[in-house]
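# Per-entry structural report
Below are the chains, spelled out letter by letter.
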Amino acid sequence: AMGRADLWMIAILGAVSLAILFLLWKEFKVYTFDPLFAHGLGLKTRRLDDLLIVILVIGIVIGIQAVGVVLMIALLITPASAARQWTRHLGPMVLLAAFFGALCGTAGSLVSALGTGLPTGPLIVLAATIVFVVSLVFAPRRGLVAKARNRQRTRKALVSGGAS
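Presented here is a report on the structure given in the accompanying data block. Note that the structure is predicted; figures quoted are calculated from it, not measured.

## Points about helix H1 (residues 4–23)
Side chains that are three or four residues apart share a direction in an α-helix, a result of its 3.6 residues per turn. Between the first and last C-alpha of H1 there are 28 Å, a value that for 20 residues agrees with the 28 Å anticipated at 1.5 Å per step. Those residues of H1 that sit buried are Ile-10, Ser-17 and Ile-20. End-on view of H1: buried residues confined to an arc of 100 degrees, all on one side of the axis. Opposite the buried face of H1, at more than 90 degrees from it, the exposed residues are Arg-4, Ala-5, Trp-8, Ile-12, Leu-18, Phe-22 and Leu-23.

Set out below in structure tokens:
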């Protein structure tokens, strides 16, 4: 179980990560998509790479404290994968991934606290998996329902277009 000191550590490390991300958003955006272009612009790509690794390590430290080593992989990937289903733009995707991660962390922790002997980490990852599956099925452009609807419209258009 997490204590007050753990929560303070998570809050401080999270705030430091968010501050770095906020202050260097444009640089990170350019660097992650095209490091050579970023270098050509005169950005210190080695420093940006180091800072990204620091932010990732901070996230892993926070996650390991909350869910454990093995489940941390799922917690790193699943909210971002779910967010990717809903948008094509990096900024909204990062915000949505953060929202999904916070939502899943809160939901898993609440369910764990309300039950007896329910482990927090697996419940957080289970919540993230549910969000991912819902995103995979119902996202407006990339979801399975939207793709099936588009295929059906295309078939109707081909059939009606071929009859005229």
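## Looking at the pattern of salt bridges
Close approach of charged atoms allows side chains with opposite charge to pair. Across all of its chains, the model carries two salt bridges by this definition. Asp-49 serves as the salt-bridge partner of Arg-46, at 3.9 Å between the closest nitrogen and oxygen. Here the residue Arg-46 and the residue Asp-49 both occupy positions in helix H4 (residues 45–67), the gap between them amounting to three residues, near one helical turn. Note on Arg-46: relative accessible area 57%, which makes it exposed. Among the ionic pairs, Arg-46 bridges to Asp-50, the shortest N-O distance being 3.7 Å. Remark: Asp-50 and Arg-46 occur in helix H4; sequence separation between them is four residues, near one turn of the helix. Put simply, Arg-46, Asp-49 and Asp-50 are held in one network by salt bridges that share partners.

## Considerations on the packing of H1 against helix H2 (residues 25–33)
Put simply, H1 and H2 touch, their axes get as near as 4 Å, and they point 75 degrees apart. Of the possible angle classes, the one that applies to H1 and H2 is roughly perpendicular. Across the interface between the two elements, Ile-20, Leu-21, Phe-22 and Leu-23 from H1 touch Trp-25, Glu-27 and Phe-28 from H2.

## Brief notes about the side chain of Gln-85
Within the secondary structure, Gln-85 sits in helix H5 (residues 69–86). Look past the residues within four positions of Gln-85 in its chain and what remains in contact with it is Ser-135, Leu-136, Ala-139 and Arg-142.

## Observations regarding the environment of Ile-20
Counting through the fold element by element, Ile-20 comes out in helix H1. Between the C-alpha atom of Ile-20 and that of Ile-55, which follows or precedes it by 35 residues, the distance is 8.0 Å. Filtering out sequence-adjacent residues up to four positions away, Ile-20 remains in contact with Phe-28, Leu-51 and Ile-55.

## Focus: the packing of aromatic side chains
The geometry of an aromatic ring pair is captured by two quantities: the separation of the ring centres and the angle between the planes. Inspection of the entire model under this criterion finds one aromatic pair. Between Phe-99 and Phe-100 the ring centres are 6.1 Å apart and the planes differ by 50 degrees, which places this aromatic pair in the tilted class.

Thresholds applied
Residues numbered from 1 in each chain as written. Predicted model: local features only at pLDDT ≥ 70, side-chain atom pairs only at ≥ 80, totals over all residues. Heavy atoms only, no water. Helix = DSSP H or I, 4+ residues; strand = E, 2+ residues; numbered from the N terminus. Expected span 1.5 Å × (residues − 1). Buried < 20%, exposed > 50% of the residue type's maximum accessible area, 1.4 Å probe, protein only. Arc of directions from axis to C-beta. Salt bridge = Lys/Arg side-chain N within 4 Å of Asp/Glu carboxyl O. Axes fitted to C-alpha atoms, helices over the stretch in contact; angles between N-to-C directions. Parallel < 35°, antiparallel > 145°, perpendicular 65-115°, else oblique. Contact = heavy atoms within 4.5 Å. Phe/Tyr/Trp six-rings, centres within 6.5 Å; stacked < 30°, edge-to-face > 60°.

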